[in-house]
Amino acid sequence: MSNSVPSHLDPVDEAVLRLLMQQPRAGVREYSRQLGMARATVQSRIDKFVESGAIRSFAPHLDLAQLGYPLSAYVYCTLDQSNLDAVVTHIARIPFVNQADSMAGELDLVCRVVARDHEHLEAISQMFLGIEGVQRIRTDIVLRHRIPYRSSQLFDGDGVSSPSTPPRRR
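Please read these numbers as outputs of a predicted model, since none were measured by experiment. (Residues numbered from 1 in each chain as written. Predicted model: local features only at pLDDT ≥ 70, side-chain atom pairs only at ≥ 80, totals over all residues. Heavy atoms only, no water.)

A few words now on the overall build of the chain. Within the chain one finds 5 helices and 4 strands. Walking the chain from its N terminus toward its C terminus, one meets helices and strands in the order α-α-α-β-α-β-β-α-β. Only carbon and sulfur atoms are counted for the fraction: they give 51% of the accessible area of the chain, which is about 11700 Å². (Helix = DSSP H or I, 4+ residues; strand = E, 2+ residues; numbered from the N terminus. Areas by Shrake-Rupley, 256 points an atom, 1.4 Å probe, with all protein chains shown as cover.)

Here's what the structure looks like:
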């Protein structure tokens, strides 16, 4: 990660990111045409974001419900802290876990999972409980996703680049 992304994005950075989010399949040539910039300039900005880790993936966002996993849930885990890394390694091997985040507070780990149905979710819960170091779990089923994962709103005038928000310092 040789090129770091500054904590303050200039208007070109914001415009490139906005287009990447709005039209992910358009391609660098189309981005440069829409922005009125040289293709090399747009490509260098994208490369900078990739190298810094600001752009983590160009993979498509899949609707897992449409692919046979209509049930989504959060599994809240209380863990044996002395084995945290080993427990997380085991949890990462459960293919139905989409994401896991360490938490400050009462619970140690929150995992987002998908399942085919309630019986499958129960089997996934048993997978968690079968891992040494998992003390207990609580599962909450998602009824409906109200606001999907998003980040483009940060560049729409009220987010990190808003004139009323000073740039973050490192």
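Between helix 1 (residues 11–22) and helix 3 (residues 39–52), the least distance of the axes is 10 Å, while the angle of their chain directions is 80 degrees. By the angle between their axes, helix 1 is roughly perpendicular relative to helix 3. In contact with V12, D13, V16, L17 and L20 of helix 1, helix 3 contributes V42, R45, I46, K48 and F49. (Axes fitted to C-alpha atoms, helices over the stretch in contact; angles between N-to-C directions. Parallel < 35°, antiparallel > 145°, perpendicular 65-115°, else oblique. Contact = heavy atoms within 4.5 Å.)

This brings us to the packing of helix 2 (residues 28–35) against helix 3. Relative to each other, helix 2 and helix 3 sit at 115 degrees, their axes nearing to 8 Å. By the angle class used here, helix 2 and helix 3 are roughly perpendicular. Judged by the twist between their axes, the crossing of helix 2 over helix 3 is right-handed. Contact with helix 2, carried on its side by V28, R29, Y31, S32 and L35, involves R39, V42, Q43 and I46 of helix 3 and no other residues of that element. Its residues assigned to classes, the contact of helix 2 with helix 3 shows 5 nonpolar, 2 polar and 2 charged. (Left-handed = near helix turned anticlockwise from the far one by under 90°. Nonpolar A, V, L, I, M, F, W, Y, C, P; charged D, E, K, R; others polar.)

All right, on to the packing of aromatic side chains then. Overall, the coordinates contain 2 aromatic pairs when judged by the stated rule. Measuring from centroid to centroid gives 6.0 Å for Y69 and F96, while their planes differ by 50 degrees, and the two rings are tilted. With Y69 in the loop between helix 3 and strand 1 (71–79) and F96 in the loop between helix 4 (84–92) and strand 2 (97–102), the pair connects residues that are 27 residues apart, well separated along the chain. Judged by relative accessible area, which is 25%, Y69 ranks as partly exposed. Assessed through its relative accessible area of 12%, F96 is described here as buried. Lying over the aromatic face of F49, K48 brings its terminal NZ or CZ to 5.2 Å of the ring centre. (Phe/Tyr/Trp six-rings, centres within 6.5 Å; stacked < 30°, edge-to-face > 60°. Buried < 20%, exposed > 50% of the residue type's maximum accessible area, 1.4 Å probe, protein only. Lys NZ or Arg CZ within 6 Å of the ring centre and 35° of its normal.)

Now for the pattern of salt bridges. A full pass over the atoms with the stated rule returns 5 salt bridges. The partner of D10 in a salt bridge is R45, with the nearest N and O atoms 2.9 Å apart. Placement of the pair is D10 in the segment before helix 1 and R45 in helix 3, with a sequence separation of 35 residues. You can call D10 partly exposed: its relative accessible area is 27%. On the basis of relative accessible area, R45 is assigned to the buried category, the value being 18%. The network of salt bridges with common partners includes D10, D13, R45 and K48. (Salt bridge = Lys/Arg side-chain N within 4 Å of Asp/Glu carboxyl O.)

Right, let's talk about the environment of A59 for a bit. Mapping A59 onto the fold places it in the loop between helix 3 and strand 1. For A59, a relative accessible area of 47% puts it in the partly exposed group. Between the C-alpha atoms of A59 and P24, which are 35 residues apart in sequence, the distance is 9.8 Å.

This next bit is on the pairing of strand 1. Burial analysis of strand 1 places 8 of its 9 residues in the buried class, the great majority of the element. Pairing geometry for strand 1 and strand 3 (residues 109–115), over 7 bridges, is antiparallel. Bridge assignment links S72 to a residue of strand 3, and that residue is V114. As paired strands, strand 1 and strand 4 (residues 134–141) are joined by 7 bridges and run antiparallel to one another. Following the sheet pairing, Y76 is matched in strand 4 by R138. (Pairing = 2+ DSSP bridges.)

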